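Each chain, letter by letter, is given below.
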Amino acid sequence: MTINVKFEYNTLCRKVLCEQLDAMGFTYTLLGTGEVDFKQTPSSAQMLVLSEKLSAYGIEIISNQQTALVQRIKDAVTLVVNGAEEAQKYNVSTYLSEKLDYSYAYLSNLFSEITHTSIENFVILKKIDVAKTLIIENNLTLTEIAYKLNYSSVAHLSTQFKKTTGLTPSSFQKIIKKRKEKAIDRD
């Protein structure tokens, strides 16, 4: 028997992080996604143990401040793309500047320097990932998906989808539908 599950990465990571921090007896506050504020600075030995425990779950402690800021940019973009209500009020550049308290030019240059791609391209990739998930998991029309992801039109979504995946959204939907039918036939 096969089951399909859906999970939220941020929720899962926060839970694992809290469990590990609690198990080690730390007093802390989680600041948004991916940031922990310790009430007392942990020792090097404690940080090493914490790092080892978290790495078992694929969670890495980032020590380089620029790399940490790039991760914060990625997390903020994920919130925007996933439709966080607060983030939907702004365009991406304004949201990032206000949330991270840096100019967008600085954030954009840093992001490109570290990741070798632009924030704009990262936004497109995240949107297409969400679009694929919505096609797979929901019975939404392409119009509904385009609206949900703040595309100006289905044509704009389709163009970016094809450019990114090599398939049109309609072709992708047909492939997913066939896979689901084959899975049902096997059961």
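Note that the coordinates shown come from a computational prediction; the quantities given were computed from them, not determined experimentally.

Reading the values: the criteria
Sequence order as written defines the numbering, with residues in each chain counted from 1. For a predicted model such as this one, the threshold for reporting local features is a pLDDT of at least 70, and the threshold for listing and counting side-chain atom pairs is 80 or more; totals across whole chains, interfaces and linings nevertheless cover every residue. Values shown for side chains rest on all heavy atoms present in the structure; no hydrogens or waters enter the calculation. Every helix listed is a DSSP run of H or I at least four residues long, and every strand listed is a run of E at least two residues long, numbered separately from the N terminus. When accessible area is computed with a 1.4 Å probe and restricted to protein chains, residues below 20% of their type maximum are described as buried, those above 50% as exposed, and intermediate ones as partly exposed. For this analysis, residues touch if any pair of their heavy atoms sits within 4.5 Å. Only the protein chains shown count as cover for residues, with accessible areas throughout obtained via the Shrake-Rupley method and a probe of 1.4 Å. Think of it this way: Lys and Arg go in the positive column, Asp and Glu in the negative one, and His and the chain ends go nowhere. To locate a charge, the coordinates of NZ of Lys, CZ of Arg, CG of Asp or CD of Glu are taken. Criterion for a disulfide: a pair of cysteine sulfur atoms at a distance within 2.5 Å. Stacked, tilted and edge-to-face pairs are distinguished by plane angle, under 30 degrees for stacked and over 60 for edge-to-face with tilted covering the rest, among Phe, Tyr and Trp rings (Trp via its six-membered ring) whose centres lie within 6.5 Å. Counted as over-ring charges are cases with an Arg CZ or a Lys NZ within 6 Å of the ring centre that also lie within 35 degrees of the ring normal. Think of pLDDT as the predictor's per-residue confidence, scored from 0 to 100. The span one expects for a helix is its residue count, reduced by one, times 1.5 Å.

A tally of regular secondary structure across the chain gives 10 helices and 2 strands. For the chain, the N- to C-terminal ordering of α and β elements is α-β-β-α-α-α-α-α-α-α-α-α. Principal axes of the C-alpha set define a box for the chain whose edges measure 55 × 50 × 30 Å. When each of the 187 residues of the chain is scored for burial, the buried share is 27%. Nonlocal contacts in the chain, meaning residues at least 24 apart in sequence, comprise 44% of its contacts between residues at least 6 apart. Element-wise, carbon and sulfur atoms account for 51% of the exposed surface of the chain, whose accessible area totals about 12500 Å². If the 22 positive side-chain charges of the chain are averaged to one point and the 20 negative ones to another, these points end up 9 Å apart.

For the structure on display, the rule yields 0 disulfides. Unpaired in terms of disulfides, C13 finds its nearest cysteine sulfur in C18, a separation of 11 Å. Here C18 falls in the partly exposed class, since its relative accessible area comes to 23%.

As enumerated under the stated definition, the model contains 4 aromatic pairs in all. Lying across the ring of Y151, K127 places its NZ or CZ 4.5 Å from the centre.

What follows covers the confidence of the model for the chain. Scored by pLDDT, the chain comes out at a mean of 87, with 95% of its residues at no less than 70. Taken element by element, the chain is modelled with least confidence in helix α4 (residues 85-88), mean pLDDT 58, and with most confidence in helix α6 (residues 104-115), mean pLDDT 95.

With that out of the way, let us pick up helix α7 (residues 119-137). For α7, which comprises 19 residues, the first-to-last C-alpha distance of 27 Å matches the rise-based estimate of 27 Å (1.5 Å per residue) to within 8%. Residues of α7 that are buried include every one of I119, F122, V123, K127, I128, V130, A131, L134 and I135, and no others.

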